[in-house]
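Each chain, written out:
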Amino acid sequence: MLAFYKRLYPFKSIFNWLNHEHVPTKLFTNREFAFTLQGDVYLRYNSFERADELKKQVCALNPTRFEIGPVYSARPRDKKTVRPANFTAQLRELVFDIDMTDYDAIRTCCAGADICRRCWAFIAAAVRVLDHAIRDNFGYKHLLWVYSGRRGIHLWISDREAMELTDEQRRALVGWLMVIQGGKEMHKKVNVRQGSRTLPPSIKSALDPLATVFGDLILEDQNCFESEEGWKALIQLIPDKAVAESLAAKWGTEPMRSSEDKWDDLKKEVRKFDKGTAKRNALQAAVEDIILQYTYPRLDAEVSKHRNHLLKAPFCVHPKTGRVCVPVDPAAIDSFRPERVPTVSLLLRELDEIAVAPGAGEDAGGEEGTGEHHSDWERTSLKPYVALLDRHVAALMQEVRQAKRAAPTYDASW
Amino acid sequence: MQSAVDRKVASSKQSTSQVERHSTLKYPHRLNFYDISPQGDITIEEFETCALDRLRVLAEIESSFARNRPYEELKEVTEKQCSKYLPLASTGAHMVDRDAERRKDHVGHFVLRLAFCRSEELRRRFVKAETTLFRVRYDSDVHSEREAFLNSRDFDWIPVSDEERKQYETELAAASPTSSKETSTRAERYYKVKWTRVPDLVEKRRVFLKGGYAYVPSREQSSIVFQEFQTNLTKALDMTAKALPRLDEDTRIVPILNNLSQGFLAGVSSEWSTAEAGSGDQITAGMVDDLARKHFPMCMRNLHDTLCRDRHLKHFGRLQYGLFLKVLGLSIDEAIAFWRKSFSNIQDDKFNKEYRYNIRHSYGLEGKRANYPAKSCQQILISDQPGSADSHGCPYRHFSGDNLQTALLSMYSGQGLSVADLPEIMATVKAGHYHVACTRVFEITHARQGVKKGEGVGGGESVTHPNQYAAKSRELEKEKDDVDVVMD
């Protein structure tokens, strides 16, 4: 791990991403870092003046991972000396966490901590919907998606306005995006309509792409309604008693019907009612709700609601899988393969190979302290991921620069 | 603009107050955003009365929240309280000294700002109560006057143009909750604001969002206004809080302010805070067991029995029971003694490391040093639902039927509860009236002290707080003792 932090971890890029500028600002110096050391020792309220200070501390502690918190009104390391009233969380990237465990009820391929290529389709669908909703509805531009190292994905939004959101506003935003609600004991988890009316426009616009996903993923790949448990769950979501009973009877006697057949059965039942009748509308709405329930992003809401929630930093290593938490391009989310993400052992092996290769010998002497290895990642398979972050950061910095350039003229006129 | 006018009016106050003028009011609107602090001299007496009267109104609002009153009822209660303590006539009412009323409203608000800016908790509650008061007044304001008030202020909303409205017509229609008539969207005016200004509408998806802007229909306009009021007040309070330590003050105002903020804390939401709960007498660790058997409501009795049996309670159980005991009158030293004794399976070292801090924390001696009130029935019923291994919560709600009956009999049969009483209790539990069931048990177990059915914990009141139950029970016992002594 130590070699990973010393030679590979892109501290400079992370610094730029958090700081938005080259010169350290409060965005970095008042930022909380929390370290998890071996043996579950947890160190909170660390803060640093510069990127190399962070690097030094990380190398000294060699944590299994570290997390990034909010920007406080004072430096977190001074927490004990400032009055509690003067130590409040002020700014924070708007973050989201989608975790595969929330999908356990509807995925058939794996369960719990496992993730395979097939379950990734759930995440991919979620990413597409969420990415579009946030850009379109809320107008945010600087979205960084980061694979969480095992079975989930994180989203960090660095727009100035998003950073400044209060907890109340964050709660509202989460409320807007949360469609799947209700605990284990609640069958119908989609309740977003007012009465029997049409879906709110934001959700309606997500429905079409999700219908395709529903066909490919739920009916075909996951085959969610093949098992008895699976189709019984589906029956629970049909509001019309008669339809539900007749389908249950049919499926009970013909256990071999595939999910697709069963879905067609349901759609046929719906079409039996005339267009425009209340029953038809109710069933049509139920069909839409079912599609949403099986495919709409399932968020871990608590993460997003509070500014002071800590979230694992990008490029940390997941302790169980050894995979690096790399940024993901949402446009290429479908072709992302979690199992192909570089692991720390792979990267270190690559480094060793470089060292052996001729021409790379000059680095060998600079092992201790001063030796800046910030370019070592360029020669490993980490490169495209760091480049992705750097591109993201460049766009962010560009905007901050422009905003700054606009501000002084405003000040001068005053 | 508006503020400049206000200031000018305020500074020329002396001269205008001598001459009675009818057409120009110093406060042109009944509603006030309280942007400007009152100018001129205020006597100490006025300072205090304005604040106290306003506090009465706000306290009523808070207790309405605590009792979970629906908005309509809250509005009615608040208006009644307002007309008693803080009348505020419309501009059309020429018979009333509108300026005096409005000035009182104005001064009272600012005094309470001073009193309530001191802690996060107080600020939050003050903002909530004040925003509600504003909302009640806004709703009851005469339509034309409300328009005038809205025009007097720049709310920074962008009217949505016709083309834009046409472009998003279906979306707008789908987003508005009551477009039963197809025509309504076309007739409706829309305003664009940054979505962050209407989080409540966003959370419930009652607006259409595009590019960070919320399209608010004019009938939801009030939402923007309330939000603006709340944001302004929150900001102003933060600033006041920062300025307060530098207040160059003699000893006249600070005691008043202290008094006011305490009134808010003690009098309203936590009626059973330490200040008034103890009938003066201290409780010692040794007395708890006896008290539990005689006076505790079922939730606490259950926690006590669990504690005795398992020699341990889980976190929320400790919290619920510990705070209850604190308010009952158990001092911190006695509390530590009590828990130490009860956790007899746990080593000293572990106890000191893991539990002592939490006990001291709940007494406000550690961490942020907050004086936590005991949990009310409502909190026990609704928040922190017990998990599978927990024993906190409300037995009437969180026990299954047969367990509840067994527990009731084993706990209270000594105090007069019999099998014959169970059907009645179980019926109320099934109907979801847990506090009624609890109150009925109180009546049955205190029948010997002369409590009749329907009397509740005094005057027909039902149980709303475990400490209220225990306090009344102890009171009854004391009365009876006194009577016995007299008879002797």
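Residues numbered from 1 in each chain as written. Chains lettered and ligands numbered in written order. Predicted model: local features only at pLDDT ≥ 70, side-chain atom pairs only at ≥ 80, totals over all residues. Heavy atoms only, no water.

If you check an unreviewed UniProt entry, chain B appears there as DNA primase large subunit from Wolfiporia cocos. Its UniProt record gives chain B the following Function (unreviewed entry) comment, quoted word for word: "DNA primase is the polymerase that synthesizes small RNA primers for the Okazaki fragments made during discontinuous DNA replication." The record held by UniProt for chain B lists under Sequence similarities (unreviewed entry) the comment "Belongs to the eukaryotic-type primase large subunit family." (UniProt positions renumbered as here; feature names shortened; annotations may be inferred.)

Within an unreviewed UniProt entry, the label attached to chain A reads DNA primase, and the organism entered is Wolfiporia cocos. The Sequence similarities (unreviewed entry) comment attached to chain A in UniProt states, word for word, "Belongs to the eukaryotic-type primase small subunit family."

**Q** Give me the overall build of chain A: which residues, what numbers.
**A** A tally of helices and strands in chain A yields 15 helices and 9 strands. For chain A, contacts bridging at least 24 residues in sequence account for 68% of all contacts bridging at least 6. Accessible surface computed for chain A: about 19,100 Å², of which carbon and sulfur atoms make up 52%. (Helix = DSSP H or I, 4+ residues; strand = E, 2+ residues; numbered from the N terminus. Contact = heavy atoms within 4.5 Å. Areas by Shrake-Rupley, 256 points an atom, 1.4 Å probe, with all protein chains shown as cover.)

**Q** Requested: an account of the pairing of strand E2 (residues 41-46) of chain A, with residues and values cited.
**A** All names here are of chain A. Note that strand E1 (residues 31-37) and E2 share 4 bridges and pair antiparallel. Looking at the pairing, Phe 33 lines up with Asn 46 of E2. Adjacent in sequence and paired antiparallel, E1 and E2 are bridged by 3 residues, among which Gly 39 carries a positive phi angle near 80 degrees. (Pairing = 2+ DSSP bridges.)

**Q** Let's hear about empty space enclosed by the protein: which residues, and what values?
**A** Residues and elements named next belong to chain B. This model, assessed by the stated rule, comprises 3 cavities of 30 Å³ or more. Looking at the largest cavity, its volume works out to about 110 Å³. Considering the residues around the largest cavity, the lining is formed by 14 residues, among which Cys 299, Cys 377, Cys 394, Tyr 396 and Cys 438 are closest to the centre. The computed volume of the second largest cavity comes to approximately 50 Å³. For the second largest cavity, the full set of lining residues is Phe 316, Gln 320, Lys 375, Gln 379, Ile 380, Ser 383, Asp 384 and His 392. Residue assignment for the lining of the second largest cavity shows that the elements contributing at least two residues are helix H17 (315-328) and helix H21 (377-382). Counted by class, the lining of the second largest cavity contains 2 nonpolar, 4 polar and 2 charged residues. (1 Å grid on protein atoms, 1.4 Å probe; cavity = no way out; pocket = protein on both sides within 12 Å on 5 of 7 lines; lining within 4 Å. Points joined across faces, edges and corners; volume = space filled by probe spheres on them. Nonpolar A, V, L, I, M, F, W, Y, C, P; charged D, E, K, R; others polar.)

**Q** Pulling in residues and values, what's your account of the interface of chain A and chain B?
**A** At the interface, 26 residues of chain A touch 25 residues of chain B. Buried surface at the junction of chain A and chain B, both sides included, amounts to about 2,000 Å², of which 52% is carbon and sulfur. When the area that chain A buries against chain B is broken down by residue, the three leading residues are Trp176(A), Arg197(A) and Pro201(A), summing to 28%. Seen at the junction of chain A and chain B, the total is 3 salt bridges. One salt bridge in this structure joins Arg171(A) and Glu203(B), with 4.0 Å as the shortest N-O distance. If you look at where chain A meets chain B, you find 12 residue pairs in polar contact (both at pLDDT 80 or more). Contributing elements (two or more residues each) for the side of chain A that touches chain B: helix H5 (117-138), helix H7 (167-177) and helix H8 (201-221) of chain A. (Buried area = accessible area lost by both parts, 1.4 Å probe. Salt bridge = Lys/Arg side-chain N within 4 Å of Asp/Glu carboxyl O. Polar contact = N/O pair within 3.5 Å; in protein donor to acceptor, adjacent residues only side chain to side chain.)

**Q** Kindly report on helix H10 (residues 241-253) of chain A, identifying the contributing residues and their values.
**A** Residues and elements named next belong to chain A. Along its 13 residues, H10 runs 19 Å from first to last C-alpha, staying within 8% of the 18 Å computed at 1.5 Å per residue. In this structure, the buried side of H10 is in contact with helix H9 (228-236), helix H11 (259-271) and helix H12 (278-295). With a side-chain oxygen positioned 3.0 Å from the backbone nitrogen of Ala 242, the residue opening H10 is Asp 240. (Expected span 1.5 Å × (residues − 1).)

**Q** Which residues make up the sheet that holds strand E7 (residues 152-157) of chain A, and what values do they have?
**A** Residues and elements named next belong to chain A. In space, the 4 strands of this open sheet follow the order E5-E7-E6-E9, with antiparallel pairing throughout. Two strands in the sheet have a free side with no partner beyond their single neighbour: strand E5 (94-99) and strand E9 (327-328). Two strands pair when backbone bridges link them, and E5 and E7 are joined in this way by 6 bridges, in the antiparallel orientation. When the sheet's bridge partners are listed, Asp 99 is paired in E7 with Gly 152.

**Q** Outline the UniProt feature "binding site: [4Fe-4S] cluster" (unreviewed entry) in chain B, listing residues and values.
**A** All names here are of chain B. Taken from the UniProt record, the annotation "binding site: [4Fe-4S] cluster" (unreviewed entry) applies to Cys 299, Cys 377, Cys 394 and Cys 438. These annotated residues cover 140 residues of sequence, and their C-alpha atoms lie no more than 10.2 Å from one another, placing them together at a single site. Those annotated residues lining the largest cavity are, specifically, Cys 299, Cys 377, Cys 394 and Cys 438. Topologically, Cys 377 is positioned in helix H21. Those residues in contact with Cys 377, other than ones at most four positions away along the chain, are Val 463, Thr 464, His 465 and Pro 466. Relative to the assigned elements, Cys 438 resides in helix H25 (residues 434-445). Looking at Cys 438, the relative accessible area reads 9%, which means it is buried. When sequence neighbours within four positions are dropped, the list of residues in contact with Cys 438 reads Tyr 396, Val 463 and Tyr 469. (Buried < 20%, exposed > 50% of the residue type's maximum accessible area, 1.4 Å probe, protein only.)

**Q** Go over the pattern of salt bridges with me, naming the residues and quoting the values.
**A** Pairing is possible between side chains that carry opposite charge, provided their charged atoms lie close to one another. Tallied over the full model, the rule gives 52 salt bridges over all chains. Where Glu161(A) meets Lys194(B), a salt bridge forms, and the shortest distance between an N and an O atom there is 3.0 Å. With Glu161(A) in helix H6 (residues 160-164) and Lys194(B) in strand E2 (residues 190-194), this pair bridges two chains. With relative accessibility at 30%, the residue Lys194(B) sits in the partly exposed group.

**Q** Tell me about the environment of Asp136(A), and please be specific about residues and values.
**A** Turning to its location among the elements, Asp136(A) is positioned in helix H5. Here the alpha-carbon distance between Asp136(A) and Ser202(A), two residues 66 residues apart in the chain, equals 9.2 Å. Leave out the neighbours within four places in its chain, and Asp136(A) touches Lys210(B), Gly211(B) and Gly212(B).

**Q** Tell me about the packing of aromatic side chains, and please be specific about residues and values.
**A** Working definition: an aromatic ring pair is given by the centre-to-centre distance plus the angle between the planes. With the rule as written, the count across this model stands at 58 aromatic pairs over all chains. One aromatic cluster in this structure is built from Phe4(A), Tyr5(A), Tyr9(A), Phe11(A), Phe15(A), Phe28(A), Phe33(A), Phe35(A), Phe48(A), Phe66(A) and Phe315(A). We note Arg153(B) situated over the ring of Phe33(B); from NZ or CZ to the ring centre the distance is 4.1 Å. The ring of Phe351(B) has Arg340(B) sitting right over it, with the charged end atom 4.7 Å from the ring centre. (Phe/Tyr/Trp six-rings, centres within 6.5 Å; stacked < 30°, edge-to-face > 60°. Lys NZ or Arg CZ within 6 Å of the ring centre and 35° of its normal.)

**Q** Give a detailed account of the confidence of the model for chain B, specifying residues and quantitative values.
**A** Residue and element names in this part refer to chain B. Overall, the prediction assigns chain B a mean pLDDT of 80, with 85% of residues at 70 or greater. Confidence drops under a pLDDT of 50 for residues 1-22, and excluding neighbours within four residues, the segment shows 15 contacts in the predicted structure. Scored below 50 in pLDDT, residues 266-279 shows 25 contacts in the model against residues more than four places distant or in partner chains. (pLDDT = per-residue confidence, 0-100.)

**Q** Pulling in residues and values, what's your account of the nonpolar core?
**A** By size, the foremost hydrophobic cluster in this structure holds 172 residues, and its most contacted members are Phe96(A), Tyr140(A), Phe225(A), Trp263(A), Phe315(A) and Trp195(B). Top contributing element to this core by residue count: H5(A), with 13 residues. What Phe315(A) contacts, discounting residues up to four positions off in sequence, is Phe4(A), Tyr9(A), Pro10(A), Ile14(A), Val324(A), Cys325(A), Val326(A), Pro327(A), Leu382(A), Tyr385(A), Val386(A) and Leu389(A). Core analysis: the second largest hydrophobic core is formed by 55 residues, Leu404(B), Leu417(B), Met426(B) and Phe442(B) among them. (Core = buried A, V, L, I, M, F, W, Y, C linked by side-chain atoms within 4.5 Å.)

**Q** How would you sum up H9(A)? Please name residues and give values.
**A** All names here are of chain A. Turning to H9, its buried residues are Gly 230, Trp 231, Leu 234 and Ile 235. Relative to the axis of H9, the buried residues are bounded by an arc of 140 degrees and lie together on one face. Buried residues belonging to H9 abut H10, H11 and H12. (Arc of directions from axis to C-beta.)

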